[in-house]
Structure formats: C-alpha cells, structure tokens
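One letter stands for each residue in the lines below.
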Amino acid sequence: MVGGREFSASVLERIRSEVRERPALTRAALAREVCEWLNWRQPNGRWRAASCRVALGRLAQRGVVDLPEPRRRVVRSQSALKSVSREWVELPIDGAVQDLGDLDLVRVQGSSSQEALLWKDMIAAHHYCGYQPLVGAQIRYLIGSARGWLGALGFSAAAWHLRDRDRFIGWSPRARHVHLPEVVANSRFLLLPWVSVPNLASKVLALASRRLSCDWQETYGYPPLLLETYVEEDRFLGTCYQAANWQCVGRTAGRGRQDRNRSRHLPVKAIYLYPLDPGWKERLCREPMRRARPLPPESGDGMDWAEREFGGAVLGDRRLQSRLVAMAQDFYARPQANLPQACGTRAKTKAAYRLLDHDQLTLPQLLATHYASTVERMRQYPVVLAVQDTTFLNYSGHLDSEGLGPIHTKKDGAQGLLLHDTMAFTPEGLPLGLLDAQAWARSPETLGRKAQQRKQLPIEEKESYKWLASFTAAAAAQREVERTQVVSVGDREADIYELFQLALRRADHQHLLIRAGQDRLVDDGHQHLWETVGAQPVVGYQAVQASRRRGYAARVAHLAVRFAEVEILPPKKRHLGRPSVRVWAVLAREEEPPPGAQPLEWLLLTTLPVSTAEQAAEKLLWYTRRWSIEVYHRTLKSGCRIEERQLATASRLQNCLAIDMVVAWRIHHLTHLGRETPDLPCTVYFDDLQWQALHGFIHRNPIPPPQPPTLRQAIRMVASLGGFLGRKGDGEPGTKSIWLGLQRLDDIAAAWAVFSAWARPP
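As the structure is a prediction and not an experimental result, all values here were calculated from the model. (Residues numbered from 1 in each chain as written. Predicted model: local features only at pLDDT ≥ 70, side-chain atom pairs only at ≥ 80, totals over all residues. Heavy atoms only, no water.)

J.: Run through the packing of aromatic side chains, naming residues and quoting values.
T.: Centre-to-centre distance and the angle between the planes together describe a pair of aromatic rings. Applying the stated criterion to the full structure yields 13 aromatic pairs. Aromatic pair Tyr141 and Phe155: ring centres 6.3 Å apart, planes at 80°, arrangement edge-to-face. Of this pair, Tyr141 sits in strand β3 (residues 139–145) while Phe155 sits in strand β4 (residues 148–157), and the two are 14 residues apart along the sequence. Of the two residues, Tyr141 and Phe155, both sit in the buried class. Cluster of aromatic residues (ring-pair linked, three or more members): Phe189, Tyr241, Trp246, Tyr272 and Tyr274. (Phe/Tyr/Trp six-rings, centres within 6.5 Å; stacked < 30°, edge-to-face > 60°. Helix = DSSP H or I, 4+ residues; strand = E, 2+ residues; numbered from the N terminus. Buried < 20%, exposed > 50% of the residue type's maximum accessible area, 1.4 Å probe, protein only.)

J.: Account for the sheet that holds strand β2 (residues 104–108), with residues named and values stated.
T.: Spatial ordering of the open sheet is given by β2-β3-β4-β5-β7-β9-β8, a layout of seven strands whose pairing is mixed. Edge positions in the sheet fall to β2 and β8 (247–251), since each of these pairs with one other strand and no more. When the angles between neighbouring strand axes are averaged without regard to direction, this sheet yields 30°. (Pairing = 2+ DSSP bridges. Axes fitted to C-alpha atoms, helices over the stretch in contact; angles between N-to-C directions.)

J.: Provide a residue-level description of the pattern of salt bridges, including the pertinent values.
T.: In the structure shown here, the tally under the stated rule is 34 salt bridges. Between Glu18 and Arg22 there is a salt bridge whose closest N-O contact spans 2.7 Å. Note that Arg377 and Glu309 form a salt bridge whose closest N and O atoms lie 2.9 Å from each other. Taken together, the residues span a long stretch of sequence, with Arg377 in helix α15 (residues 363–378) and Glu309 in helix α11 (residues 304–310) at a distance of 68 residues. As far as the burial class goes, Arg377 and Glu309 line up, both buried. Each member of the salt-bridge network shares a partner with another, and the members are Arg165, Asp166, Arg176 and Glu228. (Salt bridge = Lys/Arg side-chain N within 4 Å of Asp/Glu carboxyl O.)

J.: Any details on the nonpolar core? Residues and values, ideally.
T.: Residues Met378 and Phe686 are the most contacted members of the largest nonpolar core, which totals 111 residues. The contacts of Met378, once residues within four sequence positions are left out, are Val384, Ala424, Leu432, Leu435, Ala477, Val481, Thr484 and Val486. Counting 46 residues, the second largest nonpolar core, distinct from the first, contains Val108, Leu192, Val195 and Tyr272. (Core = buried A, V, L, I, M, F, W, Y, C linked by side-chain atoms within 4.5 Å. Contact = heavy atoms within 4.5 Å.)

J.: So what about the environment of Ile738? Which residues, and what values?
T.: Note that Ile738 resides in helix α25 (residues 735–759). According to the relative accessible area criterion, Ile738 is buried, its value standing at 1%. With 67 residues separating them in the primary sequence, Ile738 and Thr671 have C-alpha atoms 7.4 Å apart. Discounting residues that sit within four places of it in the chain, Ile738 has contacts with Ile667, Leu670, Thr671, Ile715, Val718 and Ala719.

Written as structure tokens, this is what we have:
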C-alpha cells in the first residue's frame, strides 16, 4: 500500500517491464499509464497522475521498481519574474470601499498566461514571503476593480498536520488522511502597498469564500468544506480575518514542511479557520471505510461468518471483541430467543450485559467491520443498489427504558427509536450487507412542530438529513469499489433537492434513483414535472409484479413507459441563488388497471442517463428491488424480535441492534442464496455438525450421507423445522420459516453432538 493505493505484484512487474522495454518512456507518461491500469482517478474523473508519480517515487526509493531518468525542467528564476513588465500603476487608491465599484476576482489560469505572470510578479515584489510555487491543488485570483488592480489571492493544499487545528476539528488520523483534501489553505493574500481602503480586506475574503467552492468543484470535482490560513503575529494582527468571521483556533509549532529535524526555525503563526459548509465537522470526522480481514483460505464459511462480520471491530479490548463475536453466533443460533436464552449460561449472559452497557461503544463502531465486509462483497458485481429506508422500533411496552422518544407524529404515546439504514443489493435482489445505520430518538419538544417552522431550518437540522448522511456513507463505499457502479435508491421521502445537489457535487459520487414525491417546477419554471414527462411518447411497456394492497389481490401490472431529461429548479422560498439540477425522469403508468383497482404509477428521477427504452426498463426493474429492504426490516422485527429486547436504556438497545441487524441480514441472505444458487453445497452456510444433525433428524437416520446435501435441500429441511410444508404450490421457503427452523436446529445440533459422542465406541 503506497499513497493510499495498493500495488499488486502483477502491477509492479508490469511497471518493471514497461521501463525495460521502452527507453524513451518518461515518468509522467508512466504515471498516466499506471493510473489507467489501476483506474486511479480524481473526484472530477481525471487521472491522479501527480499522486501516482509520488507513489512511484516512493516505490523507487524502497528499491521495488526502477524509474526512467528524470527530465530536466526549466524553472523561471526570481530575476526572470522581476523582469516581466508590470501591468499596474502605482497610484494611491484610498477612500471608502463603496468608491471602488464592483470588486472582481479574476481567475488565474495556467502558468504562462498574462494573468499568471502578473500574479507571480505581484507576489514576488510585494508579498513578504516572495514567490514560491503553491503546494498541491491550487486556485489563484487577481483582485480587480474599476480603479485598477488591488492585489492577489492564492489557495492551495492545507497543512498535513497542525496540532491545534486537528484538536479543534476532532478528527482521527485515519479521517484526516482521507478528508484533508477538503480543507483548503489561503496561502497567499496581498493588497498592494498603495491601496489603503478600510474594510477592503475583509470584503475580499468574503467574496473569495463564496466564489471558491464553485471554482474548486469545477476544477477538482469536489467542493472544500473548510478554509484555513496562518497569520504571522509579529507582522500582522489578523483583524481582516476576524472581521470576515474567521476563527482563531490556536498556534503553529514554528516548523515548516521540510523541518524533519524539528529545528523550529520559523516564526509561530496563528491558525484561523472558516467553515464553508454547515455540516463540515461531521463530514470531516467521518471515519473511512475499514477493510475486512480475509479469512484463511482453508476455513469454510460455517461459524466463521461472525469473525468476518465482527472480528475486526476496534473496541479497545480483545476480550470485548471476542465477546461480540460469540454473541453474534449465539444470536444467530437462536434468533427469536431473549438474551439469557440466546447466551445459554449465566456467565455468558452477564458478559453480554456488560458489553451492551459499555459507555464507549456506538452503533457505527460495532458495525464498522460489517460495513467493510459488505464492500468486499460488492467488488464482485458490476452494479450494486444501495437501498435506503426508515423503520420505527416500537418499545411502548418498555416505557421505563431511558432515552426513548415519540415515534409517531400524533401524540398517541408510542415510544421507541427510529432506524434509517442502507442495504446493498445486487440487481437480482441478493442482499450483500449494510453500508450505514442510523438510530436515534426524537425529542418530545419537536413533536407537533408546524411544517412552516420545519421548512425554515437548514437541512442539517432536519430529520430528513438522514438521507444525505446515508448517501455520504454509500459514497465512501463507491470510492472503495471503483469498478462497481453503486446506485442509491430511495422512496418518495427521499425526493429532496439537497440530495440531488449532493449527488451531482462530485464526479466520484454514486448515482441516484429516487421515486418522485413532489411535482417540481422544471426547465423554464412554467411547467411541472408530471406534465413534462407525461407529454412524452410511450416508448414501451413494462410488466411488474404489484403486491396485494387495499383488498386487491397481487397482480402483474403492465406499465406504459415514458422518459425525458429535465432540469429541476430549486424551491423558491428556501434556496435563492441555488443552481438547478439536471436529471432524467422515467414515468411508468398503468393505463388499464383492473376494475376498481387504483392504477399503479411511478415517476422515477435518476442521475443516470436514460436515452433508450431498455435503459428506462432497467431503472424500473432496479426500483422494484427497494421492497427487499422492507422484507429485511420484517426479518429484523419478527425474526430477531428486536422490539422485545428489555435492556433499560436506548444506548444498550442500539448496541444490541448492531448484532441483530447483521443476524437479520444473514438470514435474509441465506433465504435468497438458496433460491439463486440452489446447487451449491450446504457447507457454504452450515458446518459439518449442523448439516449432519439436520439430515439425521429429518430422515431419522444416524448415518450421514457421504456427500453433504445441496444448499437448497438444506434450506428446505431447515424451513420444515419452522413449519414449511414444501407442497407443490408453496414455492420456496421464506425468511419466517427459516428463522424459526434455525432456532430448532441449534438445539438439535447440540443434542446430536452429545449423543453421537456417547454412541461412538471407545
């Protein structure tokens, strides 16, 4: 792993081969080719050639590869910079800031344009640091006005480590490593010496902070979240930054980037920060995706699943980690049992209660390893659907529990928690695991708040921010699986303007597929969404399975399909000045429903291009997989009985929820796997003791067959223990009969182990 990228043995050998066989190859050309091999891209879709060159240099230093000889570069010297003709007039500029007219920040492009030479000349002649190339990603501006040039600005990569800044942000070293590019440094700020206008500096900083986000995103594919700068206190007071609402958070240590010997030869500077996004701290502190620990190749699946899904959890104590894995195994063996029944012994029960009561454990912390395992499974598929949904966990029967809140909009007394999770599915419906889970209790004070009051709040303070938070978690998974296309799927509640804006903010974000819930204004503001798409011609018909509802039987509905590319305008009252978002809309409408039945109609919005009838039908098929997460929630509630847990506090319930959610996923995964891959040997899910006990109990034969049964045969035997009859018209077993059968199988396997050992001759 070099530069955050894994260089396999085959890639290293390919690099050596290219260097040997192509003597004229340059380092820059080699870096571009390696980026293509690894699909190593920036958020804006361009190759990460600069990062790749740094990584190749580190590999060469270690002696792993040999690189071509570096080419000599022509560097413009300080004297050459000073010889460039100055394009300003050294006349005093004073008065009020209003007298300057409209200030203009002129973007400096390239390194040899007239604006670039002028910028370099200004900095070299009048900035106390002189001219030096800026570090990393950068954007430069010239400050212009009706009375001439006023100065220059420069923004570049932030400092790698600043003790006081990092303490103020509160991020971990791993989070800093991933999110540091979203912090940008104001590394140069110059007002020419003959400019003396009160309040000009703070106004320029305000203009730059508003302008920078758009320019940075246009150039690098993502917007910065935080600005930082360093003020040498022996020279300046920093009043302009204070007037522009920048916050001083500490001091530097007096060391430069190259001060590896800690000689502290630079002056100490004050550190100022300025947030560009309301949720900057939460996003910067979000932990990166952990990699799953691979199992030994000789180990089967069996009971090792708990080690893979929970074994890498960072809990600060190996005993806690072992207890977590053991609890997952116990919960899976008896999904409907209460905690003492699932644990089996008094000692294990007390240890489980101590684990759940640990005040340092959180739901994301317990699920971190499972998230990483989900990402590893996602790598095997070209397309993965990240389905989001919300469910209510009702604990009204346990009103003495602390930390619960109202779960309904009406004051009916229902108490509990809200759970919003994201499950990864294949387009065929196979559940791969969770990518995000948020559990919280509503505050009683917010119950009954008027809609108008809620609309005035920023999105970060609304409950609907859960959609953006889960989207961000899925975006982190998308960056881990660059060869897999991730599509975030949501129902009508996810029809949020800010969610579409977030999806289009970075090129490395996953795509969106949302069912429209609001008839928004589109294009020129005179037409609405349904009217615009409904006016398009029918491109085909799609048959979908309509579930039973409102007293009508399930049926196959034939939907007329239309699509169009639309530009959705932002809501007028809350988003003045926000840009519109361009998406594709797919309208599927049942034109001839059965008598008395309500016609089925979906209007889907997606950031994926839809230009053919086949692409429109594909999006409709993907949206039908959204109901799989509701099946998962039913498994979680009815199969694992999470709502019957009596743990006294909301924090304990959330810690227990982490285990139950993975157990429910595994049951759901087993059910679907038995239908999709029925001929696999059952040993992919059951160990030898389990399948032998299962076969012996069902067939009343203590002698196991020489070959294990198939997965489908084993699942049907387990389901028969849970009440599945297996008649000709029954189809395949569902999750309910499987979780009931698993509970009986655990007791059968335990008895089988005892009596088979007793019957074995000495």
